[in-house]
Amino acid sequence: MTLSLQGWHLDETAAQLTLQVTVTRARVRCPLCHVLTPRVHSRYSRILADLPWGPYTVRLHLRVRKFFCDQPACARRIFTERLPTVAAPWARRTLRLAQRLLASGLALGGEAGTRLAARLGLATSPATLLRLVQAASAPASPAPRILGVDEWAWRRGQRYGTILVNLEDHQVLDLLPERSAASLVAWLAQHPTVTIVCRDRSALYADGIRRGAPTAVQVVDRFHLVQNLREAVEACLHDQQPALQAAAARTAQALTQQVGAVASPALYRGRHHSVPVQQQQQEAAQQQRHAAWVATYETVQRLHAQATPVTVIAQQLGLSRPTVYRLLRRTTPSPPRSPQRSGQVLRPYMAYLIRRWREGITDSMQLWRELREQGYTYSTRTVSRFITRLRQASAAGWAPETQTSPYTRPQGPSARAVSFTWVCPEAKRTQDAPLYVDQLTQAEPVIAQAYTLSQAFLTLVRGRWGADLAAWITAVSASGIAALARFAQGLQEDLTAITAGLTLPWSNGPVEGQVNRLKLLKRQSYGRAGVGLLRQRMIQAV
Ligand SMILES: [Zn+2]
């Protein structure tokens, strides 16, 4: 409609097609006064790169005109004709080519975007793609009403920013380079349509929202509440290690009664059983890591006792703030983890090995060959180590199933592992978890009470019964369970926003999803992307 083809030239050696093109319309509107004018001042040429045609690159040799504006009242005397559907005023490529390059840059960034563009026949460079991405204007979107706010890590434990997501359409609204109340206040002042803000439990964002959007309803994200409850449960169970261990033994017993032990097969006595050297080395390395961790724990406690702020501690030790808080909640450092003897690689095959064991197949070489046919690619040693454990379990009168679960191992599960089980919905718990929870709560009245209280809180969260929160806090305070009482005390300090979180349907799930996308984009650009580029790629989803 706008352009007219006057001629063409095909350069076979350069694989380039040049189209000579003029503008068809006779009269053009002045960009300033919008009055039509027919009086041509002069003509000149523009060369625009366009989309390729098969193996040929295409360029437009475009004759454009300058016009006189004859309106006495208009300040503009001479102007160049605009071609808004073809190319931007000073661009060297057509709009449609620029749009494809932009899409490639937004989806993949400079380097990978250039490689994809080359495969599509669009020659460009990383610098060009990044320039296009930086210059792209944000897509028009409805004014946000329900906002999700959370932090994102530039570098874990060192530098944080703020991400803002529209909770109605799940689109990223903005990426702020810092995590501060001031920057949130400024953003909210420019977006007065926001009526509800969902946030974590930090006082910083609470303050920013209070000042930037004083009438907005603050909502504490339910995920963060469950996370804090889990930490309280872990702290509460941390002092109960003997009970956790005793419950594991009883769980093994109960499981054996349920599924039945297998008679111990005759042991092949010709082989000397020694701990492999590699395993010894692994255990030594683990002990070293644990010692370093204990040292970190002690440093954190010491700095905190000297009234050093948590942010400073995190920066000095290269830890994330949540990690520092976790270490501060502990009264003693965590015990070392037990070495993983059977290896995670065997886990998917354990059910099969136990079935064969029950069928009387106890030769580890044969079992290894059977696993290999199912796609197992690891060593015979891993298999034989697991078979040795089954043999020892049989000799002790345990069911082989007791060797696959963290809830039945002799040293018992960690307080951390049990805390994750407690906050997991019952339908999603692994097979032995309910059995273990029963054993644990039946024997220890205090643990039983902590369990009941924590499940009651989860019921409030999942059923969104915010009205019952006050009664729950009273019950916990009366229980005398210190870790849970501290958690309840913390809720009291932010009660309005937490009650809103336990009542309204909004949560920061979509923000979490976008933060994961952000991590992926950061990794793609190998940490070289500036916040401007990340922001563009986050806001302009392709
Ligand atoms: Zn004019």
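1. Points about the overall build of the protein
Helix and strand counts for the protein stand at 20 helices and 12 strands. The C-alpha radius of gyration computed for the protein amounts to 33 Å, which surpasses the reference 24 Å derived for 542 residues by more than 25%, pointing to a less compact arrangement than a globule. C-alpha extents for the protein along the principal axes are approximately 105 × 60 × 40 Å. Considering only intrachain contacts with a sequence separation of at least 6, the fraction spanning at least 24 residues in the protein is 61%. Accessible area of the protein: about 29,100 Å², with a carbon and sulfur share of 55%. The positive charge centre, built from 66 side chains, and the negative charge centre, built from 33, are 9 Å apart in the protein.

2. Some words on unusual backbone geometry
Positive phi outside glycine occurs at Ala15, with the angle close to 50°. For Ala15, the position within the fold is in the loop between β1 (3-11) and β2 (16-23). The class for Ala15 is partly exposed, based on a relative accessible area of 25%. Within the chain, His170 stands out as a residue other than glycine whose phi angle is a positive 65°. Here His170 lies in the loop between β9 (159-166) and β10 (172-176). Accessibility expressed as a relative area gives 41% for His170, which makes it partly exposed.

3. Describing the coordination of the zinc ion
Here the zinc ion is held by Cys30 (SG), Cys33 (SG), Cys69 (SG) and Cys74 (SG), and the distances to it run 2.3 to 2.4 Å. Every donor counted, the four donor atoms about the zinc ion form angles of 100 to 117° at the centre, which fits tetrahedral coordination.

4. With respect to the sheet that holds β10
Pairing is mixed across the open sheet formed by five strands, whose spatial order is β10-β9-β8-β11-β12. In the strand order of this sheet, the two ends are held by β10 and β12 (217-220), each with one partner. The average angle at which neighbouring strand axes cross in this sheet is 25°, direction not considered. Bridge analysis of β9 against β10 gives four bridges, and the strand direction is antiparallel. Residue pairing across strands places Ile163 opposite Leu175, the latter belonging to β10. Packed onto the sheet, helix α4 (residues 203-212) meets β8 (146-155), β9, β11 (196-199) and β12 and runs at close to 170° relative to β11.

5. Overview of helix α16 (residues 469-479)
Inspection of α16 places Leu469, Trp472, Ile473, Val476 and Ser479 among the buried residues, and these make up the whole buried set. For α16, the angular spread of the buried residues around the axis is 120°, confining them to a single face. Along α16, the residues that are exposed and aim more than 90 degrees away from the buried face are Ala471, Thr474 and Ala478. Against α15 (445-463), α17 (482-492) and α18 (495-501) lie the buried residues of α16.

6. Some details on the nonpolar core
One finds Trp422, Phe457, Leu469, Trp472, Leu484 and Leu491 to be the most contacted residues of the largest nonpolar core, which totals 42 residues. Every element with two or more residues in this core is listed here: α5 (222-238), α6 (241-259), α13 (415-423), α14 (433-443), α15, α16, α17 and α18. If one sorts the elements of this core by residue count, α15 sits on top with eight residues. In this structure Leu469 touches Phe457, Leu460, Leu491, Leu495, Ile498, Thr499 and Leu502, once residues within four positions along its chain are discounted. Leu167, Val172, Val219 and Val515 belong to the second-largest nonpolar core, a separate cluster that totals 19 residues.

7. Digging into the packing of aromatic side chains
Inspection of the entire model under this criterion finds 10 aromatic pairs. Look at Trp422 and Tyr451: their rings are 4.9 Å apart centre to centre, the planes differ by 80°, and that puts the pair in the edge-to-face class. Here Tyr451 lies in helix α15 and Trp422 lies in helix α13, a separation of 29 residues in the sequence. Each member of the pair, Trp422 as well as Tyr451, carries the same accessibility label: buried. Taken together, a centroid distance of 5.3 Å and an interplanar angle of 80° make the contact between Phe457 and Phe487 edge-to-face. Here the residue Phe457 occupies a position in helix α15, and Phe487 occupies one in helix α17, the gap between them amounting to 30 residues.

8. Let's talk about the pairing of strand β5 (residues 40-53)
Pairing geometry for β5 and strand β6 (residues 56-68), over 11 bridges, is antiparallel. Within β6, the residue paired with Leu48 across the bridge is Leu60. The turn linking β5 back onto β6 is made up of two residues, and Gly54 within it adopts a positive phi angle of 55°.

9. Notes on the pattern of salt bridges
Enumeration according to the criterion identifies 18 salt bridges in this entry. In this structure, the salt-bridge partner of Arg321 is Glu151, at a minimum N-O distance of 2.6 Å. You can see Arg321 sitting in helix α9 (residues 321-329) and its partner Glu151 sitting in strand β8, a full 170 residues away along the chain. The closest approach of N and O atoms between Arg211 and Asp207, which form a salt bridge, is 3.2 Å.

10. A closer look at the packing of α13 against α14
Orientation of α13 relative to α14, taken along the N-to-C sense of each, is 105°, at an axis distance of 11 Å. Considering the angle they form, α13 stands roughly perpendicular to α14. From α13, Val418, Thr421 and Trp422 reach across to α14, where they touch Ala433, Tyr436, Val437 and Leu440. Taken together, the residues of the contact of α13 with α14 break down into six nonpolar, one polar and no charged.

11. Focus on the pairing of β9
When you tally the buried positions in β9, you get seven out of eight residues, the bulk of the element. Sheet analysis places β8 next to β9, joined by eight bridges and oriented antiparallel. In the sheet register, Val149 faces β9, and the bridge partner there is Leu164. Taken together, β9 and the strand that follows it, β10, pair antiparallel across an intervening segment of five residues, in which His170 is found at a positive phi of about 65°.

12. Remarks on the side chain of Ser183
For Ser183, the position within the fold is in helix α3 (residues 181-190). For Ser183, the residues in contact, after removing those within four places along its chain, are Leu176 and Glu178.

13. Details of the confidence of the model for the protein
In this model, the protein carries a mean pLDDT of 87, and residues with pLDDT of at least 70 account for 93%. For the protein, the element scoring lowest by mean pLDDT is helix α7 (residues 277-305), at 81; β11 scores highest, at 96.

Parameters at a glance
- Residues numbered from 1 in each chain as written.
- Predicted model: local features only at pLDDT ≥ 70, side-chain atom pairs only at ≥ 80, totals over all residues.
- Heavy atoms only, no water.
- Helix = DSSP H or I, 4+ residues; strand = E, 2+ residues; numbered from the N terminus.
- Rg over C-alpha atoms; globule rule 2.2 N^0.38 Å.
- Contact = heavy atoms within 4.5 Å.
- Areas by Shrake-Rupley, 256 points an atom, 1.4 Å probe, with all protein chains shown as cover.
- Lys, Arg positive; Asp, Glu negative; His and termini not counted.
- Charge placed at Lys NZ, Arg CZ, Asp CG, Glu CD.
- Buried < 20%, exposed > 50% of the residue type's maximum accessible area, 1.4 Å probe, protein only.
- Donors = N, O, S within 2.8 Å, 3.2 Å for Na, K, Ca; no water.
- Tetrahedral: all angles 85-135°; square planar, octahedral: opposite > 155°, others 65-115°.
- Pairing = 2+ DSSP bridges.
- Axes fitted to C-alpha atoms, helices over the stretch in contact; angles between N-to-C directions.
- Arc of directions from axis to C-beta.
- Core = buried A, V, L, I, M, F, W, Y, C linked by side-chain atoms within 4.5 Å.
- Phe/Tyr/Trp six-rings, centres within 6.5 Å; stacked < 30°, edge-to-face > 60°.
- Salt bridge = Lys/Arg side-chain N within 4 Å of Asp/Glu carboxyl O.
- Parallel < 35°, antiparallel > 145°, perpendicular 65-115°, else oblique.
- Nonpolar A, V, L, I, M, F, W, Y, C, P; charged D, E, K, R; others polar.
- pLDDT = per-residue confidence, 0-100.

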